[in-house]
Amino acid sequence: MTTKLYAKSPVFIQNIVISIYGYYWKNRRYGGCFNQKLADFKKHEKFSKDQWEDYQTKELRKLLVHAFTTVPYYEQSYKKLGFSLQDFKQFSLSDMHKLPYLEKDDLRKFGTTTLLSRNRKRGKFYSSSGSTGTPVKIYFSKEFHQTWSALYEVRVRNWANLNYKMPRAMIGGRRVIPTAKSTAPFYRYNFAESQAYFSAYHISDSTVREYIAGLKKSKAVYLVGYATSIYLLAQSIKNQQLKAPEMKAVLTSSEKLTQNMRQIIENIFQCRVFDAYSGVEACGLISENDDKELLFSPDSGIMEVLNAEGNYVNYGETGEVIATGLLNYDQPLIRYRIGDTIHISKNQQTRSGFQMLKIDEIEGRTEDIIVGSDGQKMVRFHSVFIDIQSIIMAQIIQNSYTQLAIKLVVDNSYVKAKNEKIMLERIKSQLGEITIQFLYVDAIKKTVSGKYKAVISTI
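An account of the accompanying structure is given in this report. The structure displayed is predicted, hence computed values, not measured ones. Residue numbers run consecutively from 1 along every chain, following the written order of its sequence. Local features are withheld for residues below a pLDDT of 70 in this predicted model, meaning they are given only at 70 or higher, and side-chain atom pairs are given and counted only at 80 or more; totals for whole chains, interfaces and linings count all residues. The side-chain figures draw on all heavy atoms in the structure; neither hydrogens nor water molecules are used.

1. Some thoughts on the overall build of the protein chain
When helices and strands are counted, the protein chain shows 13 helices and 20 strands. Here the globule rule reads 2.2 Å times residues to the power 0.38, and the radius of gyration is calculated from C-alpha atoms. In summary, the protein chain has a C-alpha radius of gyration of 22 Å against a globular reference of 23 Å for 459 residues, a match within 12%. With respect to the principal axes defined by its C-alpha atoms, the protein chain has extents near 60 × 50 × 45 Å. Between buried and exposed lies partly exposed: a residue is buried under 20% and exposed over 50% of the maximum accessible area for its type, with that area taken using a 1.4 Å probe on protein chains only. Expressed as a percentage of the 459 residues in the protein chain, the buried residues total 56%. Under the DSSP-based scheme used, a helix requires at least four consecutive residues in state H or I and a strand at least two consecutive residues in state E, with every element numbered from the N terminus.

So, in structure tokens, the structure goes:
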């Protein structure tokens, strides 16, 4: 069914379509090797620091040999630097600094070509949220998808005393409600997974009663989704002095969760918030356990935390994350500059007893919120730029409720009229009538912290 036909269909038909997709999605994630990987990840939790070091060393060597012999990008890059196959068979964790960074621009340029293994399994590409407005495409085979789903189950859901079979509500980036002007319900229901998928684009004080009604009707046990979207919903419920259904837990991700956001969400839904950080790149997982500890999972990848000079930071310091995923052999990401920073805990002792790196704060992406003329709010804009390959970088700027400016850095293949029309239609479908000015620039300035900000609002 095409997107246009879905948009014109009645709600019950849309629910059927989403449920069919949900059935496929459920089998893709929870079939095959899922149960075996589930057992493996649970077993790893008991590892000592020495066992973790041995495990990571063995997995890193295996990954580097694979990348050097089957991935053209790494084969060419590493040979230029003088590496041989024997070097990677004897590689140690302390040698990581000898390898070059994989920049986001390189992933955008080569992610669908030379960064893929010649021996890759059959799979699909999924787009990231795009911290600079321009998404990257990550390749997921079924086996990798099942492996990552098992890790998420063990270190996110299970740590929050949940499991994937429980009914849930989700607020995410999929446009399940195709138009900005819409009426309740503001969710669509996936019967295959007992999942109510709520729109992230229609949350406002005027719609919050329908969101509460949807949460009650769906009988969701827990809520999962973008940190900012869940916070905006909780804030609207608070503003209207309404009562939300009690949840077992709220799982947040994708954006920086402040202490104020956490407190409001927990008060409104009468439960704990469990924060996590990974991204669609899936080359590292940080998640919160029942002891309120943010821990990095060493079997998800190797995480280097570096200062501005490229040296490893000490416990108690903040640094940039350099990620090497240990699970995706089809499109390996080795020393990938993901663009986020974390603060490592000075005291590495854990109440849980897990011998994993403890983190005080995930700085992640802090983005402003765009507000439409009818009060609807929009945080994530990656869907606006998906599949427009000629856009190198983008930034959304709002100066009034009726006007947006989009700064764009583009390459020579960019087709102005065609691409502006696509972006205009996508934004208006979520925010309604709004004037958009396209500004073409040579570069987008970084913030004082050295990062790009995808969304800026002066209101």
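2. A word on the packing of helix α3 (residues 34–44) against helix α8 (residues 142–157)
Lines fitted to C-alpha atoms define the axes, with helix axes restricted to the stretch in contact, and inter-axis angles between N-to-C directions lie between 0 and 180 degrees. Packing of α3 against α8 brings their axes to within 8 Å, and their N-to-C directions diverge by 45 degrees. Put simply, α3 runs oblique to α8. Between α3 and α8 lies a crossing whose hand is right-handed. For the pair α3 and α8, contact is made by F34, K37, L38, F41, K42 and H44 and by Q146, T147, S149, A150, L151, E153, V154 and R155, respectively. For this classification, the nonpolar set comprises Ala, Val, Leu, Ile, Met, Phe, Trp, Tyr, Cys and Pro, the charged set comprises Asp, Glu, Lys and Arg, and every other residue, Gly included, is treated as polar. Class assignment for the residues of the contact of α3 with α8 results in six nonpolar, four polar and four charged. Under this scheme an angle from 65 to 115 degrees is roughly perpendicular, one under 35 degrees roughly parallel, and one over 145 degrees roughly antiparallel; angles in between are oblique. Crossing handedness is defined as follows: a turn of the near helix away from the far one that is anticlockwise and smaller than a right angle gives a left-handed crossing, while the clockwise case is right-handed. The contact rule is simple, with two residues in contact once any of their heavy atoms fall within 4.5 Å.

3. Observations concerning the packing of helix α9 (residues 208–218) against helix α10 (residues 227–239)
The contact between α9 and α10 brings their axes to 9 Å, and the two run at 110 degrees. As summarised for this structure, α9 and α10 are arranged roughly perpendicular, according to the angle between their axes. Handedness of the α9/α10 crossing: left-handed. Residues V208, Y211 and I212 of α9 lie in contact with α10, whose contacting residues are L233, S236 and I237. Split by residue class, the contact of α9 with α10 holds five nonpolar, one polar and no charged.

4. Focus on the nonpolar core
Nonpolar side chains in soluble globular proteins tend to be buried together. In this structure, Y74, Y78, I286 and I342 are the most contacted members of the largest nonpolar core, which totals 65 residues. The element that contributes the greatest number of residues to this core is α8, accounting for six residues. In this structure I342 touches I286, M303, V305, E317, T318, G319, V321, I359, E361, I362 and E363, once residues within four positions along its chain are discounted. Counting residues in each nonpolar core, the second largest holds 38 residues, with F186, M261, I264 and I265 among its members. We define a nonpolar core as any set of buried Ala, Val, Leu, Ile, Met, Phe, Trp, Tyr and Cys residues linked to one another through side-chain atoms lying within 4.5 Å.

5. Some points on the state of the cysteines
Any cysteine sulfur atom paired with another within 2.5 Å is treated as part of a disulfide. One pass over the structure, following the stated rule, counts zero disulfides. Lacking any disulfide linkage, C33 is separated from the closest cysteine sulfur, that of C283, by 19 Å.

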